[in-house]
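So the chains spell out like this:
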Amino acid sequence: MKLISFKQSFIAFGVLLTLASCDTDEKLEVKGDGVVLEDNFYRNETEAYSGLVAAYDKLGKYAGAMENAPLLFLNSASDDFFAGGGGAGDQPGLQVASNYSITPTNIPPAIWANYYKGVSRCNIMIVKLPAIPMDETKKARFMAEVKALRAYYYLDLVRMFKNVPLILKPLGRNEIPEVLQAKPEEVYAQIEKDLNEAIPNLPITLPVNELGRLTKGAATALLGKAYLYDNKKTEAAAQFALVNGTPGQTSSFGYKLMSDFRQLWDKQHEFNSESILEISYSDKSNADWSNFEVNGDDEGNVAAQLMGIRDYSRKAAGVTAGLPDYINGWGFMVVTKDLEAAMKGDPRYASTIFDAGTARGSGNDDPNGLLKYTDSYNETGFHFIKYAPVNEDIKAANPFLNFGINTYVIRLADTYLMEAEALGGTGARAQELLDQVRKRVGLSPVPVSLAAIYAERRLELAGEGHRWYDLVRTGQAATKLAFKGFAANKNEAFPIPYSEFNNTKMVQNQGYN
């Protein structure tokens, strides 16, 4: 769903919705003349569409925020990246994830809150939609979308925090003190229920002006992912098989691996044949520091700015330097030497990691160096570039919050490897799924096994927000993250923000009291 075009739906309305997260009222609209209370809203199809836009809106926080962005937060917590930035106090929420000094009082509270705001908007739509006079087919699609969205938000919540409240209807303020946490298996059961109910009423394909909205294929992939994390491997494999079809061919949903891995990261190939769920960002969002994350003008990929190399500049101009014209960024997501060594010689390296240290030479004054930059915190010389902006991407007077660089939530190589895992890492189909991911980048087959699949996921999906989840799910986190201070039987779940315990009966996750 192109978030900027959806945002335009709000221009006519000032909507005040009472949300069941953080006991907070949130104004969704930025330009309306008045305020329409939720009780007087959702009267017709136009207002239902605005509610749908609101439900989708929190998807954009994936890379559209700073320390609150799940993409940055999860990468920082993995063994593939250090948070980086200007120092130990720069974007502290990312630093504490990176060194596992994370506590209920220093975790960025908006990570939890944004997901629950998304859940609340879905809950309101689920309650209101049945009574809205509108085309029944379109109503069924809207209902399917918000149920699938609610499942998406809960899937991230239960994987990150494990013990979370399962809120399925709008809550009044007097109900919030009674909120309890559900068992993880109850949350997974609801996710699976929502997705199974949603899939029949979602479209298979989308017109250009609706790209980014949920499809039958995206919801099926989400269901497979939920089953995998719920340890229902047979069910997961069946859903992924529907999404993947014959490995290497076009599936019934129209998905096919891109022939050139490099094209996954350029603007000419957004919403390509491999894209299953993709978040669109805009360079026309008009965000600046006065309205960022306040009035809803922030529709750019902010993570792209944070991940840019600090004070980057080429010593020789353009083609002479033979180096990309990257923006001057803020130096986050420094690649660990471990990931760099794992990817060395892999064809995907050049689209994933930039060896800035070698290009700089012995320092900024090295006469043989091709570029200059300022070291990030925990600098290794290696930087993440899948979503790296270049100077020609700068379109606005204040570009830093407005990069129109999309991010993938799920793509086909991911579902190929998840199906191979769900199949137990054995058998002809699992072998072919793994082979096709490697063949696409010119690599020879290796014998399929769970270890081979996990290794391939790291290289194929580096920096896309999956690694921490993969390590926890597969029981590797304590070993792989020991160098960062990961504590077994504690850090498999993040702490629930301290602010969420006001007037509730919730209990903190193990090890964080």
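Predicted, not measured: the structure shown is a model, and the values here were computed from it.

Chemist: Is there a simple way to explain the overall build of the protein in this structure?
Modeler: When helices and strands are counted, the protein shows 19 helices and 11 strands. Scored against the burial criterion, the 513 residues of the protein give a buried share of 60%. Taking as baseline every contact in the protein between residues at least 6 positions apart, the subset at least 24 positions apart corresponds to 69%. Split by element, the accessible area of the protein, about 19,300 Å² in all, is 52% carbon and sulfur.

Chemist: Explain the layout of surface pockets here, please?
Modeler: Which parts of space are left empty comes out when a probe the size of a water molecule is rolled across the atoms. For the largest pocket, the calculated volume is near 620 Å³. Surrounding the largest pocket, 25 residues form its lining, Trp265, Asp266, Lys267, Lys386 and Ala388 being those nearest its centre. Put simply, the parts of the chain that give the lining of the largest pocket at least two residues each are α13 (349-352) and β11 (407-411). Looking at side-chain class alone, the lining of the largest pocket contains 11 nonpolar, 6 polar and 8 charged residues. Approximately 480 Å³ is the volume found for the second largest pocket. Lining of the second largest pocket is provided by 19 residues; of these, Val158, Lys162, Val472, Glu492 and Ala493 occupy positions nearest its centre. Mapped by element, the contributors of at least two residues to the lining of the second largest pocket are α6 (136-161), α7 (184-198) and α18 (467-473). Its residues assigned to classes, the lining of the second largest pocket comprises 8 nonpolar, 4 polar and 7 charged.

Chemist: I would appreciate a short explanation of the packing of α7 against helix α8 (residues 216-229) in the present structure.
Modeler: For any two helices packed against each other, the geometry is given by the interaxial angle and the distance between the axes. Between α7 and α8, the shortest axis-to-axis distance is 10 Å and the interhelical angle comes to 160 degrees. Between α7 and α8, the angle is such that the two are roughly antiparallel. Taken as a pair, α7 and α8 cross one another with a handedness that is left-handed. Taking contact as the criterion, the partners of Tyr188, Ile191, Glu192, Leu195 and Asn196 in α7 are, on α8, Ala219, Leu222, Leu223, Ala226, Tyr227 and Tyr229. Taken together, the residues of the contact of α7 with α8 break down into 9 nonpolar, 1 polar and 1 charged.

Chemist: Just to check I follow, could you spell out α6 for this structure?
Modeler: Residue pairs spaced three or four apart in an α-helix point in one direction, given the helix's 3.6 residues per turn. Here α6 is 26 residues long and its end C-alpha atoms lie 37 Å apart, about the 38 Å a rise of 1.5 Å per residue gives. Burial within α6 is extensive, with 22 of its 26 residues counted as buried. Among the residues of α6, the N-terminal cap falls to Asp135, whose side-chain oxygen and the backbone nitrogen of Thr137 are separated by 3.2 Å. Directly after α6, the chain includes Lys162, whose backbone phi takes a positive value near 65 degrees.

Chemist: Would you mind showing me how to read the environment of Gln263 here?
Modeler: Inspection of the secondary structure puts Gln263 in the loop between α9 (233-244) and β5 (275-279). It is 9.3 Å that separates the C-alpha atoms of Gln263 and Ser351, two residues lying 88 residues apart in sequence.

Chemist: Honestly, the environment of Ile309 in this entry has me stumped. Any pointers?
Modeler: If you trace the backbone, Ile309 turns up in the loop between α10 (302-307) and β6 (313-314). For Ile309, a relative accessible area of 4% corresponds to the buried category. When the C-alpha positions of Ile309 and Trp330 are compared, they lie 6.0 Å apart, and in sequence the two are 21 residues distant. Here Ile309 is in contact with Ile327, Asn328, Gly329, Gly331, Phe354, Ala356, Tyr373 and His383, once residues within four sequence places are set aside.

Chemist: How should I be thinking about the nonpolar core in this particular structure?
Modeler: Soluble globular proteins: nonpolar side chains tend toward being buried together. Counting residues in hydrophobic clusters, the biggest one holds 141 residues, and the most contacted among them are Phe73, Met160, Phe161, Ile191, Trp468 and Phe494. Ranked by residues supplied to this core, first place goes to α6 with 15 residues. Counting 10 residues, the second-largest nonpolar core is a separate cluster that includes Ile309, Phe354, Ala356 and Ala359.

Chemist: Could you clarify how one ought to interpret the pattern of salt bridges in this entry?
Modeler: Opposite charge on two side chains permits them to pair, given that their charged atoms come into close proximity. All told, the structure shown has 41 salt bridges when counted by the stated rule. The salt bridge partner of Lys232 is Asp230, with a shortest N-O separation of 3.3 Å. A salt bridge links Glu456 to Arg348, with the shortest nitrogen-to-oxygen separation between them at 2.7 Å. Of the two residues, Glu456 sits in helix α17 (residues 450-460) while Arg348 sits in the loop between α12 (337-343) and α13, which places them 108 residues apart along the sequence. Linked by salt bridges that have partners in common, Glu274, Asp346, Arg348, Lys386, Arg411, Arg438, Arg440, Glu456, Glu460 and Glu464 make up one network.

Chemist: What am I meant to see in unusual backbone geometry here?
Modeler: Comment: phi is negative for the bulk of residues other than glycine, and the bulk of peptide bonds are trans. Residues other than glycine seldom take positive phi values, yet Tyr42 does so here, at roughly 55 degrees. Summarising the element assignment, Tyr42 is placed in the loop between β3 (36-37) and α2 (45-57). Of the residues examined, Tyr42 reaches a relative accessible area of 7% and is grouped as buried. Of note, the phi angle at Met333 is positive, near 65 degrees, even though the residue is not glycine. One can find Met333 in strand β7 (residues 332-335).

What counts, and at which threshold
- Residues numbered from 1 in each chain as written.
- Predicted model: local features only at pLDDT ≥ 70, side-chain atom pairs only at ≥ 80, totals over all residues.
- Heavy atoms only, no water.
- Helix = DSSP H or I, 4+ residues; strand = E, 2+ residues; numbered from the N terminus.
- Buried < 20%, exposed > 50% of the residue type's maximum accessible area, 1.4 Å probe, protein only.
- Contact = heavy atoms within 4.5 Å.
- Areas by Shrake-Rupley, 256 points an atom, 1.4 Å probe, with all protein chains shown as cover.
- 1 Å grid on protein atoms, 1.4 Å probe; cavity = no way out; pocket = protein on both sides within 12 Å on 5 of 7 lines; lining within 4 Å.
- Points joined across faces, edges and corners; volume = space filled by probe spheres on them.
- Nonpolar A, V, L, I, M, F, W, Y, C, P; charged D, E, K, R; others polar.
- Axes fitted to C-alpha atoms, helices over the stretch in contact; angles between N-to-C directions.
- Parallel < 35°, antiparallel > 145°, perpendicular 65-115°, else oblique.
- Left-handed = near helix turned anticlockwise from the far one by under 90°.
- Expected span 1.5 Å × (residues − 1).
- Polar contact = N/O pair within 3.5 Å; in protein donor to acceptor, adjacent residues only side chain to side chain.
- Core = buried A, V, L, I, M, F, W, Y, C linked by side-chain atoms within 4.5 Å.
- Salt bridge = Lys/Arg side-chain N within 4 Å of Asp/Glu carboxyl O.

The quantities given are spatial measurements derived from coordinates; they are silent on function.
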